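So the chains spell out like this:
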Amino acid sequence: MVVLNKIYTKTGDAGETALGNGSRVAKHAMRVCAYGTVDETNATVGLARLHADGQMDAQLAMIQNDLFDLGADLCRPDMEKDAESEYPVLRMTDAQVSRLEDEIDAMTKLVAPLRSFILPGGSPLAAQLHLCRTVSRRAERLAVELATMEAVNPPAVKYLNRLSDWFFQAGRIANDNGKNDVLWVPGANR
């Protein structure tokens with residue numbers, strides 16, 4: 001096993017970075033922006049986990065691992081060449097999307113239907129989960145934009161779409177199953 005202990009490589013000093021297939025692109029390329037925002041989402045999940053425990057923490061840990069899978073998927077262009085790769089290429093799967101859907105459905109059974117929009121806040125965990133939701137929505141928008149330019153694995157985009165819904169429902173769970181949600185009052189400060 002080769003152990004690498006060099007943190008800086010200097011290979012990005014000219015504004016380029018390597019993708020998962022070894023090709024080099026500008027650091028501002030849409031693919032890099034998409035997987036970079038997935039990484040940012042993962043960092044917000046790490047902050048949320050500081051306030052989570054039990055099942056919520058376990059689910060967030062799974063999401064963090066999935067987000068690394070998703071970053072690996074998005075950083076690897078040319079899906080049609082996956083079979084030619086020297087190593088197995090990691091791609092998101094429909095099973096990962098289904099797991100999120102099952103968890104969303106279980107959380108939905110615990111909360112009352114909404115009659116108003118929710119303001120991000122309430123408990124510290126709920127506030128962090130709403131931050132996760134907004135950053136994951138941005139990652140989704142970038143992945144969708146990338147898909148208009150290049151091929152993107154469809155379950156990767158689906159996962160991001162479900163993930164923001166997951167964070168929304170989890171935020172409600174973190175607010176005592178929605179009882180402590182902070183509701184929007186339209187025009188309250190006119």
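Look a little higher up for the structure.
Residues numbered from 1 in each chain as written. Predicted model: local features only at pLDDT ≥ 70, side-chain atom pairs only at ≥ 80, totals over all residues. Heavy atoms only, no water.

A. Here's a closer look at the overall build of the protein chain. When its secondary structure is counted, the protein chain shows five helices and four strands. Along the chain direction, N to C, the helices and strands of the protein chain fall in the order β-β-α-α-α-β-α-α-β. For the C-alpha atoms alone, the extent of the protein chain along its principal axes is close to 55 × 40 × 35 Å. By sequence separation, contacts in the protein chain at least 24 residues apart represent 73% of the contacts at least 6 residues apart. In the structure as shown, the protein chain presents an accessible area of about 11,000 Å², 56% of it carried by carbon and sulfur atoms. For the protein chain, the centre of its 21 positive side-chain charges and the centre of its 25 negative side-chain charges are spaced 5 Å apart. (Helix = DSSP H or I, 4+ residues; strand = E, 2+ residues; numbered from the N terminus. Contact = heavy atoms within 4.5 Å. Areas by Shrake-Rupley, 256 points an atom, 1.4 Å probe, with all protein chains shown as cover. Lys, Arg positive; Asp, Glu negative; His and termini not counted. Charge placed at Lys NZ, Arg CZ, Asp CG, Glu CD.)

B. View of unusual backbone geometry. Positive phi values are uncommon outside glycine, yet aspartate 78 reaches one of about 60°. Note on placement: aspartate 78 falls in the loop between α2 (54-74) and α3 (94-108). For aspartate 78, a relative accessible area of 32% puts it in the partly exposed group. Positive phi outside glycine occurs at aspartate 176, with the angle close to 55°. Counting through the fold element by element, aspartate 176 comes out in the loop between α5 (154-174) and β4 (182-183). (Buried < 20%, exposed > 50% of the residue type's maximum accessible area, 1.4 Å probe, protein only.)

C. Up close: the nonpolar core. Formed by 41 residues in total, the largest nonpolar core has its most connected members in Leu60, Ile63, Leu129 and Trp166. Elements supplying a minimum of two residues to this core: α1 (30-49), α2, α3, α4 (124-147) and α5. Those residues in contact with tryptophan 166, other than ones at most four positions away along the chain, are Met56, Gln59, Leu60, Ile63, Leu100, Glu103, Ile104, Met107 and Leu129. (Core = buried A, V, L, I, M, F, W, Y, C linked by side-chain atoms within 4.5 Å.)

D. The arrangement of the environment of leucine 160 in detail. With respect to the helices and strands, leucine 160 occurs in helix α5. Of the residues examined, leucine 160 reaches a relative accessible area of 0% and is grouped as buried. Separated by 93 residues in sequence, leucine 160 and leucine 67 have C-alpha atoms that sit 9.2 Å apart.

E. A look at the side chain of threonine 44. Counting through the fold element by element, threonine 44 comes out in helix α1. Those residues in contact with threonine 44 that sit more than four places away from it in its chain are Gln128, Leu131, Cys132 and Val135.

F. Geometry of the packing of aromatic side chains. Applying the stated criterion across every chain, the model contains two aromatic pairs. Consider the rings of phenylalanine 117 and tryptophan 184, whose centres lie 5.7 Å apart with planes at 55°: the pair is tilted. Highlighted residues: phenylalanine 117 in the loop between α3 and β3 (118-119) and tryptophan 184 in the segment after β4, separated in sequence by 67 residues. Of the residues examined, tryptophan 184 reaches a relative accessible area of 40% and is grouped as partly exposed. Aromatic pair tryptophan 166 and phenylalanine 167: ring centres 5.7 Å apart, planes at 85°, arrangement edge-to-face. (Phe/Tyr/Trp six-rings, centres within 6.5 Å; stacked < 30°, edge-to-face > 60°.)

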